[in-house]
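# Descriptive structure summary
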Amino acid sequence: MADRTPTSVLISEPQLQDRVRELATQIRADYPENVHIIAVLKGAFMFMSDLVRHLGGSVSLDFMAVSSYAKGTTSSGEVRLVKDLDTALDGKDVLIVEDIVDTGLTLTYLQEILQARGPRSLRTACLLSKPSRRKIDVKVDYVGFTIEDKFVVGYGLDYAEQYRNLPYIGVLG
């Protein structure tokens, strides 16, 4: 791996935790009873974990894995389903939890295939949004932070499978 390390902290651990708590409050207001959360692996696992702890109430979980980055720092534009769901979505209130929405291609792909599975409702929460990189207009219901077009790591996000364990979001230099 190249000698790339985070050069600065973009979003601190306390900022992340405060915002995740706020998002959980908004989500629970919209889903007062049950919510079925689908985390998009691998990047969303930390965000989903903290979000679920703050949600309280009835929550069920599932996981999907898609790939559009390979080992680079830019999206390839090609989305591949790597791991599908373990449970059916018929009649469930579903929340997709994504780490970052960049071009919008991956999220649009996920929304289309999940909507076809018959959920009662389908919404999306993302930790980070980069609207300047959008290639397709995609709906995101809950956004943690809107950021500039920088390559970021930490709190689940990686570069070549490194830096996921950082408790903050850093800019990769």
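Keep in mind that this is a model prediction, so the values were computed, not measured.

## Topic: the layout of surface pockets
The computed volume of the second largest pocket comes to approximately 160 Å³. Lining the second largest pocket we find D30, Y31, P32, E33, N34, V35, H36, S60, G91, K92, D93 and R120. At three residues, the largest contribution of residues to the lining of the second largest pocket is made by strand β2 (residues 34-41). Its residues assigned to classes, the lining of the second largest pocket shows three nonpolar, four polar and five charged.

## Observations regarding helix α3 (residues 105-115)
Inspection of α3 places T106, L107, T108, L110, Q111 and L114 among the buried residues, and these make up the whole buried set. Tucked into the core, α3 has its buried residues touching β2, β3 (58-67), β5 (93-101) and β6 (121-129).

## A closer look at the pattern of salt bridges
Within the structure shown, the criterion is met by 14 salt bridges. For K83, the salt bridge goes to D86, with nearest N and O atoms at 3.5 Å. Here K83 falls in the partly exposed class, since its relative accessible area comes to 26%. Overall, the relative accessible area of 63% leaves D86 in the exposed class.

## Considering the sheet that holds β3
Strand order across the open sheet formed by six strands is β4-β3-β2-β5-β6-β7, with mixed pairing between neighbours. Whereas interior strands pair on both sides, the edge strands pair on one side only; in this sheet they are β4 (80-83) and β7 (142-146). The sheet shows a mean angle of 30° between the axes of neighbouring strands, direction not considered. Alignment of β6 against β7, held across four bridges, turns out to be parallel. Counterpart to C126 in the pairing with β7 is V143. Running at roughly 160° to β7, helix α1 (residues 13-30) makes contact with β2, β3, β5, β6 and β7 of the sheet.

## Focus on the side chain of R19
Mapped onto the elements, R19 comes out in helix α1. A polar contact of 3.0 Å, which involves the side chain of R19, links it to the side chain of E22. Not counting chain neighbours up to four residues away, the residues in contact with R19 comprise Q26, V143, G144 and F145.

## Thoughts on the nonpolar core
In this structure, L51, L95, L128 and I169 are the most contacted members of the largest nonpolar core, which totals 29 residues. Looking at this core, the elements that each hand over two or more residues are α1, β2, α2 (45-55), β5, β6, β7 and β9 (169-172). Per element, the largest residue contribution to this core is five residues, and it comes from α1. Setting aside residues up to four positions removed in sequence, L128 forms contacts with I11, D99, I100, V101, F145, I147, V152, L157 and I169. Grouped together as the second largest cluster of nonpolar side chains are 16 residues, I38, L89, L122 and C126 included.

Basis of the calculations
Residues numbered from 1 in each chain as written. Predicted model: local features only at pLDDT ≥ 70, side-chain atom pairs only at ≥ 80, totals over all residues. Heavy atoms only, no water. 1 Å grid on protein atoms, 1.4 Å probe; cavity = no way out; pocket = protein on both sides within 12 Å on 5 of 7 lines; lining within 4 Å. Points joined across faces, edges and corners; volume = space filled by probe spheres on them. Helix = DSSP H or I, 4+ residues; strand = E, 2+ residues; numbered from the N terminus. Nonpolar A, V, L, I, M, F, W, Y, C, P; charged D, E, K, R; others polar. Buried < 20%, exposed > 50% of the residue type's maximum accessible area, 1.4 Å probe, protein only. Contact = heavy atoms within 4.5 Å. Salt bridge = Lys/Arg side-chain N within 4 Å of Asp/Glu carboxyl O. Pairing = 2+ DSSP bridges. Axes fitted to C-alpha atoms, helices over the stretch in contact; angles between N-to-C directions. Polar contact = N/O pair within 3.5 Å; in protein donor to acceptor, adjacent residues only side chain to side chain. Core = buried A, V, L, I, M, F, W, Y, C linked by side-chain atoms within 4.5 Å.

The quantities given are spatial measurements derived from coordinates; they are silent on function.
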